[in-house]
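Remarks on the overall topology
Given next are the chains, with one letter for each unit.
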Amino acid sequence: MQERSDDTFLKPDSFTLTNVISAWANSNNPERAEAILNTMQAMYENGDVAMKPTTVSFGAVLHAWARAGNIERAEKIVEHMESLMHLEGFEEMRPNAVIYNILINCCARCGSPSAVKKAQGILDKMRKYKDAGYTLASPNIITYNSMLSALHRSGEDAYPEACKILQEIEMARTLDPSMTPTNVTYTTFLRILAKSKVPNKSIIAERILAEMEINPNDHKLFPNNLTYDAVLKVCGSLIAPDSSLQRHALVLAIKTITKMQQLPHIIPTSFTYKEFFTTLSKLTKGEELLKLIEKSFDDCTRAGVLDDKILGVLIKTTPKVFLQKLLKLDTNTNLHSVSIKDLPQNWSCNAKRSVTMKSQRTNEQIVHNTGRRKIKR
């Protein structure tokens, strides 16, 4: 407290401490954030009405534990809210969709099959709330995006379950326009598709991409770097023996990287070219493969995004003499001892920037908006 000249005091209230909680949460100190929340609750229970915690207060602590990847502590926060809402004076503590979204997102961060089951249980609870008329806890598009993220990171073939999620979104959209899928929705689905054993996955990916590209002005839906990278991942993961499906996947991959090079808001990264070179090695061979590698290598080096991972893929999949010529090396050079440092600097001058951009976009994707409100009086 700070004393003023008129001998009155500036006393902290719930809003003040909620901001302090958020500060500790953003400093990766969930223990301290929760301790302040407990202090707020104790003061309120002892008669200080100005210290009444809100769902925003609890949400800030919950978000802190979610960022730390501690599902157990995050669950306890929500369970505490669910117990408080039955007590006089705490009726407003009933968890809403924002709270449950944060919890599902926490499960997605953990990425284990057991965490996915917990996320599915939370989603089921939200569905029941919706059926019971408690719309504030009904699943929204952020809920489904978080659920898809959990499925993707589970390490299992989650394609059938992901299809059910998309179908549920489509059904909900007929009644609620806000339930429109976003590029996060479809990009995560494409990543799940890439891990699946579906033989015609490239055809499915092409259909999804076409739907996303219908309206270039719809920035929430139009594909971004991560989307196109996911399409390349789908093409490169094809395991179908059918030559026509392999050809379709190859053509789609070529169209995708060409589009990425042409679109003004898309910048192919080192990861993009690594995926593309990997895809080429799986879907074509002979003279066609060499021509495509030569053209793509030129694009990659002109963009300055060549890195050691791309180099590793090329060493594994490209004929030795051809690659030595491509890298402008002597025929006696041991390719396995070559690194980016041995090659022209301008070939890789943007590689670090490329990695940074991808990391930022990935963080935006994984820690996507859970719907938390900004703290307001």
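Residues numbered from 1 in each chain as written. Predicted model: local features only at pLDDT ≥ 70, side-chain atom pairs only at ≥ 80, totals over all residues. Heavy atoms only, no water.

Focus: the overall build of the chain
Across its full length, the chain carries 17 helices and 2 strands. Considered along the principal axes of its C-alpha atoms, the chain spans approximately 85 × 50 × 40 Å. Looking at the chain residue by residue over its 377 residues, the buried ones come to 50%. Residue pairs in contact within the chain that sit at least 24 positions apart in sequence constitute 67% of those at least 6 positions apart. (Helix = DSSP H or I, 4+ residues; strand = E, 2+ residues; numbered from the N terminus. Buried < 20%, exposed > 50% of the residue type's maximum accessible area, 1.4 Å probe, protein only. Contact = heavy atoms within 4.5 Å.)

As for the packing of helix 13 (residues 270–283) against helix 14 (residues 286–303)
Remark: helix 13 packs on helix 14, axes separated minimally by 10 Å, with the N-to-C direction vectors making an angle of 175 degrees. It follows from the interaxial angle that helix 13 and helix 14 lie roughly antiparallel. In contact with Tyr273, Phe276, Phe277, Leu280 and Ser281 of helix 13, helix 14 contributes Leu289, Leu292, Ile293, Ser296, Phe297, Asp299 and Cys300. (Axes fitted to C-alpha atoms, helices over the stretch in contact; angles between N-to-C directions. Parallel < 35°, antiparallel > 145°, perpendicular 65-115°, else oblique.)

Comments concerning the pattern of salt bridges
Taken as a whole and assessed by the stated rule, the structure comprises 16 salt bridges. Note that Glu92 and Lys52 form a salt bridge whose closest N and O atoms lie 3.9 Å from each other. One end of the pair, Glu92, is in the loop between helix 4 (71–84) and helix 5 (97–110); the other, Lys52, is in the loop between helix 2 (30–45) and helix 3 (55–67), with 40 residues separating them in the sequence. Take Glu92: its relative accessible area is 59%, and that puts it in the exposed class. By relative accessible area, Lys52 is classed as partly exposed at 21%. One network of salt bridges, in which partners are shared, links Lys295, Asp298, Asp299 and Arg302. (Salt bridge = Lys/Arg side-chain N within 4 Å of Asp/Glu carboxyl O.)

Regarding the environment of Ile169
Looking at where Ile169 falls in the secondary structure, it is placed in helix 8 (residues 159–173). As for Ile169 and Asn140, which are separated by 29 residues in sequence, their C-alpha atoms are 8.7 Å apart. In contact with Ile169, other than residues within four places in its own chain, are Ile141, Tyr144, Met179, Pro181 and Thr185.

Re the environment of Ile214
The topology assignment puts Ile214 in the loop between helix 10 (201–212) and helix 11 (225–236). Separated by 57 residues in sequence, Ile214 and Phe271 have C-alpha atoms that sit 26 Å apart.

As for the environment of Gln262
With respect to the helices and strands, Gln262 occurs in helix 12 (residues 243–262). C-alpha separation for the pair Gln262 and Ala66, spaced 196 residues apart in sequence, amounts to 38 Å.

Re the packing of aromatic side chains
Applying the stated criterion across every chain, the model contains 6 aromatic pairs. Summarising the aromatic geometry, the rings of Tyr44 and Phe90 are spaced 5.2 Å apart at their centres and angled 85 degrees between planes, so their arrangement reads as edge-to-face. Of this pair, Tyr44 sits in helix 2 while Phe90 sits in the loop between helix 4 and helix 5, and the two are 46 residues apart along the sequence. For the pair Tyr44 and Phe90, one class covers both residues: buried. Summarising the aromatic geometry, the rings of Phe297 and Trp347 are spaced 5.4 Å apart at their centres and angled 90 degrees between planes, so their arrangement reads as edge-to-face. Here the residue Phe297 occupies a position in helix 14, and Trp347 occupies one in the loop between helix 16 (320–326) and helix 17 (351–366), the gap between them amounting to 50 residues. For the pair Phe297 and Trp347, one class covers both residues: buried. Here the aromatic residues Tyr100, Tyr129 and Tyr134 are joined through ring pairs into a cluster of three or more. Across the ring face of Tyr134, the terminal group of Arg94 is positioned such that the distance to the ring centre comes to 3.8 Å. (Phe/Tyr/Trp six-rings, centres within 6.5 Å; stacked < 30°, edge-to-face > 60°. Lys NZ or Arg CZ within 6 Å of the ring centre and 35° of its normal.)

Topic: the nonpolar core
Counting residues in each nonpolar core, the largest one holds 113 residues, and the members touching the most others are Leu151 and Phe277. Take this core: its biggest share by element is 9 residues, from helix 5. The residues contacting Phe277, other than those within four sequence positions of it, are Ile293, Ser296, Phe297, Ile310, Val313 and Leu314. (Core = buried A, V, L, I, M, F, W, Y, C linked by side-chain atoms within 4.5 Å.)

A closer look at helix 11
With 12 residues, helix 11 extends 17 Å from end C-alpha to end C-alpha; this agrees with the ideal 16 Å at 1.5 Å per step. Across the 12 residues that make up helix 11, a large majority, 11, are buried. Along helix 11, the positions that sit buried rather than exposed are Asn225, Leu226, Thr227, Tyr228, Asp229, Ala230, Val231, Leu232, Val234, Cys235 and Gly236. Two to three positions downstream of the cap, the backbone nitrogen of Leu226 sits 3.1 Å from a side-chain oxygen, assigning the N-cap of helix 11 to Asn224. (Expected span 1.5 Å × (residues − 1). Polar contact = N/O pair within 3.5 Å; in protein donor to acceptor, adjacent residues only side chain to side chain.)

Some details on unusual backbone geometry
One non-glycine residue, Asn28, lies in positive phi territory at about 60 degrees. Its location among the elements puts Asn28 in the loop between helix 1 (14–26) and helix 2.

Remarks on helix 10
For helix 10, built from 12 residues, the straight-helix expectation of 16 Å at 1.5 Å per residue is met to within 8% by its first-to-last C-alpha distance of 17 Å. Within helix 10 the residues assigned to the buried category are Lys201, Ser202, Ile204, Ala205, Ile208, Leu209 and Met212. Relative to the axis of helix 10, the buried residues are bounded by an arc of 155 degrees and lie together on one face. On its buried side, helix 10 packs onto helix 8, helix 9 (183–195), helix 11 and helix 12. (Arc of directions from axis to C-beta.)

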